[in-house]
Amino acid sequence: MAEPHHHVIIGSGSAGFGAAKTLREGDPDCRITMFTMDAIPFYHRYRLPEVFRGRTDWRDLLAKPPSFYEENGITLRRRCRVVDVDGSAHVVSLAHQETVPFDSLLVAAGGRAYLPENLSGHAHLIHGFGSFEAAMRVYNDLPRGGRVVMIGGDMIGLDLLLTLLDTGYRVTLIVNAQTFWPHELTAEQRAPLLEALRGKGVDVIENARAVGISPQNGGAPARRVALDDGREIEGDVVMAFCGLATSVEFMLRAEVDIERGLLVSPELQTTNDAIWAAGDICQIWHDGEKAYKFYHGWKNVRVMGQLAARNILGAHEPFDVDVEDRIWVDEDGEIQSTFWTRKP
Ligand SMILES: Cc1cc2nc3c(=O)[nH]c(=O)nc-3n(C[C@H](O)[C@H](O)[C@H](O)COP(=O)(O)OP(=O)(O)OC[C@H]3O[C@@H](n4cnc5c(N)ncnc54)[C@H](O)[C@@H]3O)c2cc1C
């Protein structure tokens, strides 16, 4: 009897999880192995700000109970980092030496917060927020009522910022080109949005760049941020929300084309016949615009994972979902965005 097809998925976020579920629904007999660097099974990252509303038990964030994976014959390998993909031999290598062969590979490794070049030397003084563990570190390091200095303020950061304000914390926002990313706005379109943030008590700093971060002790707030106009700002925690950098380093030997993300056809296939990509990591060909485009945001990403799985199983469906891109201030002075999936 022929061996069942082995589908390997790198990443257990929205895209990877949606793909695993769809593969299982479409083929009851295939083998599915999903690798993630996370310690926790799939949860919606957009729910992470909820730790500030008291949801500090990771079990409350899970999209599915851990038993789901066993019941559906999905092997979930947690805390496993893929370091290489051999695109000719069809083998994935893990950091701990193991190699795993695949018949099809879906890369759904997402991205991490992009840090502007001039701040990369200060990364150890900047708190992340991309995982449950990182969110809990911020929660634990921020004194009640304390101040966050937020550099950038993309829509992921602003989601957190609004929760921080709601829960009694203070925020200084240092505006840069990535503020409101992935929305692309003119200065005129930004002005009322920044005004709405000021109206909520955010200390908004425009026309100055963060150029240095230093630690402080002796009872002072834990961080001091130097601006290029000579000012210095204090905060208990410094965070940077400046858009995403894709996690593609391990794909360099995979014989796939890479620009900023993995380049895929509208059917989400890379330039290697056995490898697909979905989610924040991929740039999809748009024939009308003759360009590869990112489609950020959870609503796009979820559809991509399911679509890639159907195509891996033999369908030929193109990606044609592009969620409306709009941000505005409503009549109550609240910022609304089609990107957000906020829960009160
Ligand atoms: C705080 C926060 C709030 C957000 N709010 C919103 C929102 O309101 N609306 C919205 O649309 N989007 C929001 N987002 C963004 C949304 O969560 C992402 O678009 C979505 O998670 C991307 O899904 P993905 O499956 O592509 O990748 P991810 O969810 O980033 O998952 C990537 C997976 O790949 C794994 N991985 C990466 N590299 C490797 C490797 N080398 N080896 C093994 N595994 C690897 C990771 O461990 C992880 O399992 C928010 C994100 C955050 C962090």
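Please read all numbers here as calculations on a predicted model, not as lab measurements.

## Quick notes on the site of the ligand
- Close contacts around the ligand come from 40 residues, with G11, G13, G110, G279 and W298 the closest.
- Secondary-structure elements contributing two or more residues to the shell around the ligand are helix 1 (14-26), helix 4 (155-166) and helix 6 (298-312).
- Tallied by class, the residues present in the shell around the ligand amount to 20 nonpolar, 13 polar and 7 charged.
- Residues lining the shell around the ligand come from more than one domain, with at least three contributed by each of domain 1 (6-110 + 247-312) and domain 2 (113-244).

## Points about the sheet that holds strand 15 (residues 237-241)
- Spatially, 4 strands are ordered 11-10-9-15 in an open sheet, and the strand pairing comes out parallel. Because the sheet does not close on itself, it has two edges, and the strands there are strand 11 (203-205) and strand 15. Across the sheet, the mean angle separating the axes of adjacent strands is 20 degrees when strand polarity is ignored.
- As judged from the 5 bridges shared by strand 9 (residues 147-152) and strand 10 (residues 170-174), these two strands associate in the parallel manner. What sits directly across from R147, in strand 10, is R170.

## Remarks on helix 4
- Its 12 residues give helix 4 an end-to-end C-alpha distance of 17 Å, which sits within 8% of 16 Å, the value for a rise of 1.5 Å per residue.
- The elements touched by buried residues of helix 4 are strand 9, strand 10, strand 15 and strand 22 (335-337).
- Phi turns positive, to about 95 degrees, at G168, one or two residues after helix 4.

## With respect to the sheet that holds strand 4 (residues 82-86)
- Overall, antiparallel pairing links the 3 strands, which are arranged 4-5-6 in an open sheet. Two strands lie at the open edges of the sheet, namely strand 4 and strand 6 (99-101), each paired on one side alone. Within this sheet the neighbouring strands show an average axis-to-axis angle of 20 degrees, counted without direction.

## Describing the nonpolar core
- Grouped together as the largest cluster of nonpolar side chains are 92 residues, with contacts concentrated most on V107 and A278.
- The greatest single-element share of this core, amounting to 7 residues, is contributed by helix 6.
- Beyond its immediate stretch of four places on either side in the chain, A278 contacts A15, A19, L106, A108, L268, M304, G305 and A308.

## What about the packing of helix 1 against helix 6?
- The interhelical angle for the contact between helix 1 and helix 6, taken along N-to-C directions, is 35 degrees, at an axis separation of 7 Å. In this structure, helix 1 crosses over helix 6, and the sense of that crossing is right-handed. In contact with S14, A15, G16, F17, G18, A19, T22, L23 and G26 of helix 1, helix 6 contributes W298, V301, R302, M304, G305, Q306, A308, A309, R310 and I312.
- The class makeup of the residues in the contact of helix 1 with helix 6 is 10 nonpolar, 7 polar and 2 charged.

## Quick notes on the pairing of strand 3 (residues 74-77)
- Residues I74 and L76 point to one face of strand 3 and are all buried, whereas T75 and R77, pointing to the other face, are not buried.
- Two strands pair when backbone bridges link them, and strand 2 (residues 31-35) and strand 3 are joined in this way by 4 bridges, in the parallel orientation. Bridged to T33 within strand 3 is T75.

## Some points on the environment of L227
- Its place among the elements puts L227 in strand 13 (residues 223-227).
- By the C-beta count within 10 Å, which is 16 here, L227 ends up partly exposed.
- Sequence-distant contacts of L227, that is, excluding residues within four places in its chain, are made with A208, R209, A210, V211 and I233.

## Here we look at the pairing of strand 7 (residues 104-107)
- Burial of strand 7 is two-sided: the residues S104 and L106 facing one way and the residues L105 and V107 facing the other way are all buried.
- Pairing analysis gives 3 bridges linking strand 7 to strand 18 (residues 275-277), with the strands arranged parallel. Opposite L106, over in strand 18, you have W276 as the bridge partner.

## Description of the domain arrangement of the chain
- When its domains are assigned, the chain resolves into domain 1 (6-110 + 247-312) and domain 2 (113-244).
- Listed by partner, the interface residues are 14 residues for domain 1 and 13 residues for domain 2.
- Residues belonging to the side of domain 1 that touches domain 2 are distributed by class as follows: 9 nonpolar, 2 polar and 3 charged.

The rules behind these values
Residues numbered from 1 in each chain as written. Predicted model: local features only at pLDDT ≥ 70, side-chain atom pairs only at ≥ 80, totals over all residues. Near = placed C-beta within 6 Å. Helix = DSSP H or I, 4+ residues; strand = E, 2+ residues; numbered from the N terminus. Nonpolar A, V, L, I, M, F, W, Y, C, P; charged D, E, K, R; others polar. Domains from an automatic or database assignment. Pairing = 2+ DSSP bridges. Axes fitted to C-alpha atoms, helices over the stretch in contact; angles between N-to-C directions. Expected span 1.5 Å × (residues − 1). Contact = placed C-beta atoms within 7 Å. Core = buried A, V, L, I, M, F, W, Y, C linked by C-beta atoms within 7 Å. Buried ≥ 20, exposed ≤ 12 C-beta atoms within 10 Å, placed from the backbone. Left-handed = near helix turned anticlockwise from the far one by under 90°.

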